[in-house]
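# Examination of the molecular architecture
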Amino acid sequence: MRVVSGMRPTGKLHLGHYIGVLKNWKNLQESYDSFFFVADWHALSTKYDEGLDLKELSVELVKEWIACGVDPNKATLFIQSAVKEHAELYLVFNMITPVSWLERNPTYKDAMTQPEYKKKNNAGFLTYPVLQTADIVIYDADLVPIGEDQKPHLEIAREIVRHFHYIYKTEIFKEPQELLTEVARLPGLDGRKMSKSYNNAIYLDETSDEIWSKVRKAKTDPARIKKTDPGHPEVCTVFDYHKAFSNKEEVKEIESACKAGSIGCVECKKRCAANIENIVAPIRERKAKLKNDEILDIIKEGNKRAKSIASKKMEEVNRVIF
Ligand code: TRP
Ligand code: SF4
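## A short note on the site of ligand 1
The immediate surroundings of ligand 1 are formed by 13 residues, with His42, Tyr128, Gln132, Asp135 and Gln150 found nearest. One of the side-chain nitrogen or oxygen atoms of Gln132 is found 3.1 Å away from a nitrogen atom of ligand 1. Gln150 is positioned such that a nitrogen or oxygen atom in its side chain is 2.8 Å from a nitrogen atom of ligand 1. Relative to its free-state accessible area of 360 Å², ligand 1 is covered by the protein chains to the extent of 90%. Where the shell around ligand 1 is concerned, the elements lending two or more residues are strand S1 (2-7) and helix H9 (128-137). When residues in the shell around ligand 1 are grouped by element, the largest group, 4 residues, is from H9. Here the shell around ligand 1 is built from residues that sort into 6 nonpolar, 5 polar and 2 charged.

See the structure below:
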């Protein structure tokens, strides 16, 4: 069984990526033929005018994946734009995809309510799911690990596949299924959505001092003024972090101590920061040791492997069309 997933290279990874995506990729590479790629063309769909250094961002991203435990000996790691067949298949799919399917995509509809996107309304953003479809089906992926927000894209992918099969009277693609990541979304330390612009995320290369200074300022249950005030861990962001990074016994212990008013928020945060540090420290250290040349070699190998599969598929597609 084959798994394919991509990530856009838009900046440093934080704990949300680790918990929500990379831990999952690490497990998947053990039992699936896994293809993980840097979706650099997809980054352009919204950020074409931001002057991103996509080459550097892509190398950094792959470095962080490997630092997190994604293993280039188990999974194929590559760069989308290095495998031009993605673009060729995207072109073909654009020919057969009704614009109405793309206009009813929730991500698109949502963006069109925001003035900055509405003003741009670039074709590449509208056709984002078409490129994503090409990314997936060019490898005959069985499963696509994604978050909830990407579900409509997978539905469009299946529709495009069925439409192609109907038009060309041949079944050359697999209909991909989503593999939903079950972990709850990790909020930012201020309780809002985790985002670079809110400065409420902990990045995978931060030092223990930086981690503590962020956790120290995290939002807690406002009902707790004195240490003995009974707390409500379910409304506390620090508790969300305990659930993600502390072991089960400690989570239980914190929960009852908070409710009983027998632990102070400062102590609770210290324990939380220590457990985060236990996860981040090895990632930070592995990242510091990885050399760019090493990563470039890994990417070169991955690109080659991906291209050999994608180009065969594309030959098949072209035989059907021409
Ligand atoms: N759209 C995905 C995201 O924003 C990234 C992506 C691009 C992707 N192509 C893909 C994910 C193919 C899975 C499969 O997260
Ligand atoms: Fe949150 Fe911990 Fe304080 Fe309870 S004790 S409110 S879980 S920080």
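## Notes on the packing of helix H4 (residues 85-96) against helix H15 (residues 292-321)
Interaxial distance between H4 and H15 falls to 9 Å at its minimum, and their mutual angle equals 30°. As the angle between them shows, H4 and H15 are arranged roughly parallel. Along this stretch, H4 crosses H15, giving a crossing that reads as left-handed. Taking contact as the criterion, the partners of Glu85, Glu88, Leu89 and Val92 in H4 are, on H15, Lys307, Ala310, Ser311, Met314, Val317, Asn318 and Ile321.

Conventions and cut-offs
- Residues numbered from 1 in each chain as written.
- Chains lettered and ligands numbered in written order.
- Predicted model: local features only at pLDDT ≥ 70, side-chain atom pairs only at ≥ 80, totals over all residues.
- Heavy atoms only, no water.
- Near = heavy atom within 4 Å.
- Polar contact = N/O pair within 3.5 Å; in protein donor to acceptor, adjacent residues only side chain to side chain.
- Areas by Shrake-Rupley, 256 points an atom, 1.4 Å probe, with all protein chains shown as cover.
- Helix = DSSP H or I, 4+ residues; strand = E, 2+ residues; numbered from the N terminus.
- Nonpolar A, V, L, I, M, F, W, Y, C, P; charged D, E, K, R; others polar.
- Axes fitted to C-alpha atoms, helices over the stretch in contact; angles between N-to-C directions.
- Parallel < 35°, antiparallel > 145°, perpendicular 65-115°, else oblique.
- Left-handed = near helix turned anticlockwise from the far one by under 90°.
- Contact = heavy atoms within 4.5 Å.

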